[in-house]
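Okay, here's what each chain looks like letter by letter:
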There are 2 protein chains.
Amino acid sequence: MLRELGTEARDIAPASEEAKDVLPIDTILVGDCIERMNALPAGSVDLVFADPPYYLQLDKGLTRPDQSNVAGVHDDWDKFNDFAHYDQFTRDWLAAAKRVLKPNGAIWVIGSYHNIFRVGATLQDLGYWMMNDVIWRKANPMPNFRGTRFTNAHETLIWATRSQDSKAVFNYDALKQSNDDTQMRSDWLFPICTGQERLKDENDDKVHPTQKPEALLYRVLMATSKPGDVILDPFFGTGTTGAVAKKLGRHFIGIERESDYINAALKRIASIKPLDKVVLETVKGKRAEKRVAFGSLIEQGLMEPGAILLDSKKKFKAVVRADGSLSCEGHEGSIHKVGAAVQGQTACNGWTYWHIQQGKDLVLIDELRAEIRSRMHKLSA
Amino acid sequence: MLRELGTEARDIAPASEEAKDVLPIDTILVGDCIERMNALPAGSVDLVFADPPYYLQLDKGLTRPDQSNVAGVHDDWDKFNDFAHYDQFTRDWLAAAKRVLKPNGAIWVIGSYHNIFRVGATLQDLGYWMMNDVIWRKANPMPNFRGTRFTNAHETLIWATRSQDSKAVFNYDALKQSNDDTQMRSDWLFPICTGQERLKDENDDKVHPTQKPEALLYRVLMATSKPGDVILDPFFGTGTTGAVAKKLGRHFIGIERESDYINAALKRIASIKPLDKVVLETVKGKRAEKRVAFGSLIEQGLMEPGAILLDSKKKFKAVVRADGSLSCEGHEGSIHKVGAAVQGQTACNGWTYWHIQQGKDLVLIDELRAEIRSRMHKLSA
DNA sequence: CCCACGATTGAATCCGAAC
DNA sequence: CGTTCGGATTCAATCGTGG
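Residues numbered from 1 in each chain as written. Chains lettered and ligands numbered in written order. Predicted model: local features only at pLDDT ≥ 70, side-chain atom pairs only at ≥ 80, totals over all residues. Heavy atoms only, no water.

K.L.:
How should I be thinking about the protein's contact with DNA strand C in this particular structure?
P.N.:
All names here are of chain A. Inspection of the region around DNA strand C gives 38 residues, with Gln 57, Arg 64, Tyr 113, Met 142 and Arg 146 positioned closest. Backbone atoms, meaning sugar and phosphate, form 45% of the atoms of DNA strand C found within 4 Å of the protein. Lys 60 is positioned with one of its backbone polar atoms (N or O) 3.0 Å from a base nitrogen of DNA strand C. Asn 144 has a polar side-chain atom sitting 3.2 Å from a base oxygen of DNA strand C. The class makeup of the residues in the surface near DNA strand C is 17 nonpolar, 10 polar and 11 charged. (Near = heavy atom within 4 Å. Polar contact = N/O pair within 3.5 Å; in protein donor to acceptor, adjacent residues only side chain to side chain. Nonpolar A, V, L, I, M, F, W, Y, C, P; charged D, E, K, R; others polar.)

K.L.:
Sorry, what's going on with the protein's contact with DNA strand D here?
P.N.:
Close contacts around DNA strand D come from 30 residues, with Arg 146 of chain A together with Tyr 172, Lys 176, Gln 183 and His 336 of chain B the closest. Val 292 of chain B is positioned with one of its backbone polar atoms (N or O) 3.4 Å from a phosphate oxygen of DNA strand D. The separation between a phosphate oxygen of DNA strand D and a polar side-chain atom of Trp 351 of chain B is 3.0 Å. The set of elements that each furnish at least two residues to the surface near DNA strand D consists of α5 (172-177) and α11 (335-343) of chain B. (Helix = DSSP H or I, 4+ residues; strand = E, 2+ residues; numbered from the N terminus.)

K.L.:
Even after reading the chapter, I still don't get the domain arrangement of chain A, so can you show me in this structure?
P.N.:
A common way to report how large an interface is uses the accessible area buried once the components associate. Residues and elements named next belong to chain A. One can read the domain layout of chain A as domain 1 (27-279) and domain 2 (294-380). Summarising the inter-unit geometry, the C-alpha centres of domain 1 and domain 2 are found 30 Å apart. Tallying the contact residues gives 17 residues for domain 1 and 20 residues for domain 2. Here domain 1 and domain 2 share an interface that buries about 1,400 Å² over both sides, 56% of which is from carbon and sulfur atoms. Summed over the shared surface of domain 1 and domain 2, the result is one salt bridge. Where Glu 304 meets Lys 247, a salt bridge forms, and the shortest distance between an N and an O atom there is 3.5 Å. Counting residues per element, the ones that place at least two in the side of domain 1 that touches domain 2 are α5 (172-177), β7 (187-190), α6 (214-224) and α9 (277-280). (Domains from an automatic or database assignment. Contact = heavy atoms within 4.5 Å. Buried area = accessible area lost by both parts, 1.4 Å probe. Salt bridge = Lys/Arg side-chain N within 4 Å of Asp/Glu carboxyl O.)

K.L.:
Which parts of the structure should I look at to understand the interface of chain A and chain B?
P.N.:
At the interface, 51 residues of chain A touch 53 residues of chain B. Buried area between chain A and chain B, both sides added, is near 4,700 Å², and the carbon and sulfur share of it is 52%. Applying the counting rule to chain A against chain B returns four salt bridges. Where the side of chain A that touches chain B is concerned, the elements lending two or more residues are α4 (116-125), β5 (129-138), β6 (154-161), α5 and β7 of chain A. Here the residues of the side of chain A that touches chain B sort into 25 nonpolar, 16 polar and 10 charged.

K.L.:
Even after reading the chapter, I still don't get α4 of chain A, so can you show me in this structure?
P.N.:
Since the α-helix turns once every 3.6 residues, residues separated by three or four places project in the same direction. Residue and element names in this part refer to chain A. For α4, the tally of buried residues reaches nine of 10 residues, placing the bulk of the element in the interior. Within α4, the full set of buried residues consists of Ile 116, Phe 117, Arg 118, Val 119, Gly 120, Ala 121, Thr 122, Leu 123 and Gln 124. Positive phi shows up at Gly 127, right after α4, with a value of about 90 degrees. (Buried < 20%, exposed > 50% of the residue type's maximum accessible area, 1.4 Å probe, protein only.)

K.L.:
In this structure, what is going on with the sheet that holds strand β14 (residues 355-358) of chain A? I would like to understand it.
P.N.:
In a beta sheet, neighbouring strands are held together by backbone hydrogen bonds and run either parallel or antiparallel to one another. Residues and elements named next belong to chain A. Strand order in the open sheet formed by six strands is β13-β12-β11-β10-β14-β15, and the pairing between neighbours is antiparallel. Single-partner strands in this sheet number two, and they are β13 (331-333) and β15 (361-364). Pairs of neighbouring strands in the sheet enclose a mean axial angle of 35 degrees, with direction left out of account. The pairing of strand β10 (residues 308-310) with strand β11 (residues 317-320) spans three bridges and is classified as antiparallel. Its bridge partner lying in β11, Leu 310 is registered against Lys 317. Sitting on the sheet, helix α11 (residues 335-343) touches β10, β12 (326-328) and β13, and the angle it makes with β13 is about 160 degrees. (Pairing = 2+ DSSP bridges. Axes fitted to C-alpha atoms, helices over the stretch in contact; angles between N-to-C directions.)

What follows is the structure, encoded as structure tokens:
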């Protein structure tokens, strides 16, 4: 029995007319992802983001040095008989995903060393074209409690297009702008999903054992999709993809089997407010010469897209856009460029010009940068 | 025609006698790596480090990083056949490597997204057991000149043992010590090989297009090998593995076909001076310590039968019996068993749980163990 | 209100020598 | 070979509590 669970997000972001007509936009489809994908029209989806089962093969329990128990992934959905079965499953869902992708569509898959080599080889076998493998470096990974291996401190994402001649969306300048005006690298640093962001049930247990951080999806969608695009997540879980897609003015289609996950995802996504169109406009063309790391403030949650920056006299108000650029009185660009423009000057250090209102006080954004640097410093080399 | 090129390193590092007798130690074998590996005795090598040819899908057939032809590929194979060919090559050399590895041997393979997924899946298919995938983060990667992808700023290494029940060498404590006393993570930051380290020919061109930095091999060998171990590199190139192995008191066996690479490697390795044995001593953890039976404290007069042991909060009092067992609140047995039982836990390290009263102070019985070990040490010296 | 401290937790293929 | 059991093993971040 297959149902469709819509959310109120359906009408918020702009979408192409044909997509609205033929696709269950901003909806969670209940059931097996292969069956549900095969029921969608071919060539209709812009991007797939998939977080499939990793097939961890954990047999025994694990305790911390203080004898406490580690809650591993022992769910049925991660159980397979052997690699042959896992490979077959992988081939099937990747083939189904390829069918629903538009000719210029692309896919992201995340995994660990347990499964990512099977996934990568199968992607290549099916004719997908690799663009990058991307490393999510975890700021706070779980240690290796037995001292037998290196701390498993990363996961691998593969970004591939539907075929070799697909022309993928890649917002190069926006990414560069948000990364100190240097090219975005293939190694990304984010904390794992904890704290307020981690969904808990009524018993204060985690709803999903492997919820991904929104910052990760934020970068994926900002990098390789446009507002109005349709993002399909065949392993929707608790809906991180949907939440970030809605926030960023993209449409999502989620597929999930577990009702507990679906219920949590629906509630979660309902509370998301999409960012304003103006905020979402990505920078086009070459950008400022000065080095800025402003975008990382947004990725790491120290500043919300749509936030207002003020100069010390509150004369100018600038809107922070999702890619880390500012918009103020007709000027747009980096914090430095806009700071200079509104003052009628040729140059300006945005870090020591713009403030953010915190209660009664104005706080210099340079203080937020210091916080970022402090975080990075702990992790360097 | 196969030759063997020895270097003067043969006699420098200590090696087991049997290895010296049957293996071409500290030698570069000329020719095809599969043939030469198959000519080596089975179960004779401690560690394999391999930097195999990349598979560049844009080219016809299998090429090295320098575009030279690896195998006689005459046909215009389609993609599937190309991958099949690369997979066959990968399976053949990985199977040959597995045969020459000792039962507790291990392998490292480095690659990029072009080939590492084929390599990883084949390793699993052949029964190797993954320990970690490790990310080499390049401090100074080549930028993506066309701005179409993320800067390819890393390469992936796979560390796997010969089989699931192999007991791999892993110098956990030495690594932790060298990493600011925290566990070594799976993401490593090193610059690419440039400057003085980069081998150049008479025209000042680089001898090898993908020479790896010695720092990378240094960490690999320090982490997963011991002095005297035999390291096999089937794609020896200009001999980074051999140079670092010699420096670190390990033996190497290199296999290479190109005489230009071999000549550069021979010259390079000849100039390496092995580090002194004393310098090569690493931090050892408690696991390396000899076991001390609790009863020996009594035998050696450090503790009297009938003595009282206390936990740190003096909640439990245990009586030491003449045979070295404890008795406490109806529980009896080893210091570990009783410690676990009184706490209601499944395990406990009695040495770091129980104390004896000395005057006003509580002294951990682990200190008495240290005294025993100190005495044993003086006796053996 | 702020700081110190303790408790908790996270996609994990997590022991090995002796008998 | 399997079983037993000694005893070795954790980092960053969040959240709650108490001073």
